[in-house]
Structures are given as C-alpha cells and as structure tokens.
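Structural features, examined
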Amino acid sequence: MAQKSMGAAEWSMLLGLSVLWGGSFLFNGILVHELPLFTIVTARVALAAVALHVIVRVTGQAMPRDRQAWAAFFGMGFLNNVIPFLLIVWGQTHIASGLASILNATTPLFAVVAAHFLTTDEKMTGNRLIGVIVGFAGVALMIGPSVLSSLGSNVLAQLAVLGAAFSYSLAGIFGRRFRRMGLAPIIPAAGQVTASTVLLLPVALFVDHPWTLSMPSTETWTALAGLAVLSTAIAYVLFFRILATAGATNLMLVTFLIPVSAILLGALILGEQLQLKHFIGMAMIAVGLAAIDGRLFAFRKRSVAAE
C-alpha cells in the first residue's frame, strides 16, 4: 500500500527529481538553437536508454524478457513520454511557455481525481484537494498572472497541454504495477525509455529528417548529455522509486516544484533576478504541499490540543 504521508527520504527524492527536471529547461534552452524538437525528444530518451542499460548490466541486473513486462514498459512509455512529449511540443508552438507551465501544473489535480477512482489506497481527501488548489495558485503567481491573459485563445493548444498533464497523471497510476511485479526502480526506468525510443524514432525520422542536420556544437552535445543522463535517466530512477514508496498522487506534486527549481537554477546559473512574486509563490507551494501531505492540518490539531 502506498503511504499517504511522505518521510524525509521521499521529500528529499522529490526535491531532487524537481531539480533534475527543472534543469531540463536550461538544457532545452541550449538545444533548441541547433536541433529540431522531435530530434531532441528522441535523442533524450534514446541516450537515457543506453545509459540505463549500461547501469543495469554493470550492477549485475537483467531486463525481463516476458511479454507482460514489456507490454507494461510500452504502456508506461506511451503514457509518460510519447503522448505528453508530443502534445506539449505541439502546444508550445502556439502558446507561451509560461502558460504551458501553468497548464502542466494541473497534473496533481488530475492525479487526485484519477487516483480516487482508479485506486483503493489513494482516495481524495479535503486537505489534499485544498493543498493542490493552493499549490496550483502558487505556481500561477510565481510564473506570472500576466500569462493568463492569453487563456481562451488557441484553445486546441491549451487542451493539448492539459491532455499531457492528464496523461502524466494516468502514467503515475499505471506505473504502480511495477512495484507489484517486484522490479527494482532502474528496470522500469530503462524499459520505459527504451519503449519510448522505439515509438518516437519513426516520428523523428519522418518529421525532422535528422540526417540532413549539420553536426551539433560541443555545447549542444554537452547539453544533450545532461538532458539524457541527468534529467531523464537518473530522474526516472527517482521517479519509480518515489512512485513505489509514496504513491502516484504524492509523486505528481513534483510538477509544483519544477517551476521553483527552474527559477532558482536560472537565478544561480544564469543570473536571472528573483522577484517578490517568486518568493510568495514558493511560500504558497510550500503551504499546499504541507496540506497535501497532511502535516499542516496535523500541526494545527496539535496546536489546538495544546491550548
């Protein structure tokens, strides 16, 4: 049974995952100057697959060969990589990245509802729903309310990003089966990106014609390696580890933390300036996470009892 309240280890892994995925914005910012989007996405999962298979072999583990496991890997890759990557890439060609980030942050909202109906141990509670709403408001404030001015235009693109968020929430629930299958986190991580590579490669070849591209620069290769190894390979090992111990709803909270990590990394590495709205938004996200985890209301009850 997935635990409802995360401990220090789970919170540490969730923060680590948000930093790794938040860093992907920095890597992508470099890559888009030289590579088309489908090539970036396919190279990302393909190189991550190579790295993870090397680790699997070095650590003396073995990938399963049965159809059930690989059917699950392809299902997970389809829900967690192929659908959301393609929808987000297409959506961001029509709407601003800030609005896309806010729409993507609806993932925990979808996860709370989907988990309530599709699982027996992650039912919706009042504090979870309140926490998700407060956290989502914090993300919107931190990214900037001005991006909401375009809400309503390019409806199909916005629905595409919302569809990606919904797919992510279903992937979190679908991935719970890997723990029941007794697989170490690195195995479904490797299987998922391998399956995603098989599914995405034909699309990249058809759309981008990568053989016609000029040789990328050293900076681009370095960014691609960081995106594949750090933001994909290592990130998905943490993803499946958190999913196995904390459950799908708690795992999806990482979408609240990714904008925080991206903004802090931008300030530390790129010298971008932090504004008051960023600090207020981060505080709201912290309150929302505490409410979802149950600690905020538990603290309030203890305070009332003490009086």
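Just so you know, these numbers come straight off a predicted model, no measurement behind them. (Residues numbered from 1 in each chain as written. Predicted model: local features only at pLDDT ≥ 70, side-chain atom pairs only at ≥ 80, totals over all residues. Heavy atoms only, no water.)

Some remarks on the overall build of the chain
- Across its full length, the chain holds 14 helices and 0 strands.
- In the chain, which comprises 307 residues, the share counted as buried stands at 49%.
- Carbon and sulfur atoms make up 69% of the accessible area of the chain, which amounts to about 14500 Å² in all. (Helix = DSSP H or I, 4+ residues; strand = E, 2+ residues; numbered from the N terminus. Buried < 20%, exposed > 50% of the residue type's maximum accessible area, 1.4 Å probe, protein only. Areas by Shrake-Rupley, 256 points an atom, 1.4 Å probe, with all protein chains shown as cover.)

Considerations on the environment of Ile102
- Structurally, the position occupied by Ile102 is in helix H4 (residues 97-104).
- Judged by relative accessible area, which is 3%, Ile102 ranks as buried.
- The spatial distance from the C-alpha of Ile102 to the C-alpha of Gly138 is 9.8 Å, given a sequence separation of 36 residues.

Some details on the environment of Met142
- For Met142, the position within the fold is in helix H6 (residues 126-143).
- On the accessibility criterion, Met142 (1% relative accessible area) is buried.
- Once the C-alpha coordinates of Met142 and Gln275 are considered, the two residues, 133 residues apart in sequence, prove to be 8.8 Å apart.
- Leave out the neighbours within four places in its chain, and Met142 touches Pro259, Val260, Ile263, Lys277, His278, Gly281, Met282 and Ile285. (Contact = heavy atoms within 4.5 Å.)

Quick look at unusual backbone geometry
- Its identity is not glycine, yet His209 carries a phi of approximately 45 degrees, on the positive side.
- Looking at the secondary structure, you find His209 in the loop between helix H9 (186-208) and helix H10 (218-246).
- Under the relative-accessibility criterion, His209 is labelled partly exposed at 37%.

Describing the nonpolar core
- The biggest cluster of nonpolar side chains holds 66 residues, and the ones touching the most others in it are Leu14, Leu17, Trp21, Phe239, Phe256 and Ile285.
- Beyond its immediate chain neighbours, meaning those up to four positions away, Phe239 contacts Leu17, Trp21, Met76, Asn80, Leu251 and Met252.
- If you look at the next biggest cluster of nonpolar residues, it comprises 8 residues, including Phe27, Leu31, Leu35 and Ala43. (Core = buried A, V, L, I, M, F, W, Y, C linked by side-chain atoms within 4.5 Å.)

Comments concerning the side chain of Thr119
- Relative to the helices and strands, Thr119 is located in the loop between helix H5 (107-118) and H6.
- The residues touching Thr119, leaving out its near neighbours within four places in the chain, are Ile173 and Arg176.

Digging into the packing of helix H2 (residues 37-58) against helix H3 (residues 67-91)
- One can describe the packing of H2 onto H3 by two numbers: an axis separation of 11 Å at closest approach and a directional angle of 155 degrees. When the axis of H2 is compared with that of H3, the two are roughly antiparallel. Here H2 runs over H3; the crossing is right-handed. Packed against H2, whose contacting residues are Leu37, Phe38, Val41, Arg44 and Val45, the element H3 presents Asn81, Phe85, Leu86 and Val89 at the interface.
- Here the residues of the contact of H2 with H3 sort into 7 nonpolar, 1 polar and 1 charged. (Axes fitted to C-alpha atoms, helices over the stretch in contact; angles between N-to-C directions. Parallel < 35°, antiparallel > 145°, perpendicular 65-115°, else oblique. Left-handed = near helix turned anticlockwise from the far one by under 90°. Nonpolar A, V, L, I, M, F, W, Y, C, P; charged D, E, K, R; others polar.)

Description of the packing of helix H1 (residues 8-31) against H10
- The geometry of H1 relative to H10 is characterised by a closest axis approach of 8 Å and an angle of 155 degrees between their N-to-C directions. As judged from the angle between their axes, H1 and H10 are roughly antiparallel. Taken as a pair, H1 and H10 cross one another with a handedness that is left-handed.
- Residues that form the contact of H1 with H10 fall into these classes: 19 nonpolar, 8 polar and 3 charged.

As for the side chain of Thr197
- Within the element layout of this structure, Thr197 appears in helix H9.
- Judged by its relative accessible area of 16%, Thr197 falls in the buried class.
- Apart from residues no more than four positions distant in its own chain, Thr197 is found in contact with Val45, Ala46 and Ala49.

Re the environment of Ser214
- Positionally, Ser214 belongs in the loop between H9 and H10.
- A relative accessible area of 62% means that Ser214 is categorised as exposed.

Examining the packing of aromatic side chains
- Here the structure, examined in full by the defined rule, presents 8 aromatic pairs.
- Taking the centre distance of 5.6 Å and the plane angle of 85 degrees together, the rings of Phe178 and Phe240 count as edge-to-face. With Phe178 in helix H8 (residues 177-180) and Phe240 in helix H10, this residue pair connects regions lying 62 residues apart in the sequence. Comparing Phe178 with Phe240 shows no difference in burial state: the two are buried.
- Three or more aromatic residues link up through ring pairs in this structure, and these residues are Trp21, Trp70, Phe73, Phe178, Tyr236, Phe239 and Phe240. (Phe/Tyr/Trp six-rings, centres within 6.5 Å; stacked < 30°, edge-to-face > 60°.)

Focus on the confidence of the model for the chain
- Chain-level pLDDT for the chain is 83 on average; 88% of the residues reach the 70-or-more range.
- Put simply, helix H14 (residues 295-306) is where the chain has its lowest mean pLDDT, 48, and H9 is where it has its highest, 95.
- In the model, residues 301-306 has pLDDT below 50 throughout and makes 0 contacts with residues more than four positions away in sequence or in other chains. (pLDDT = per-residue confidence, 0-100.)

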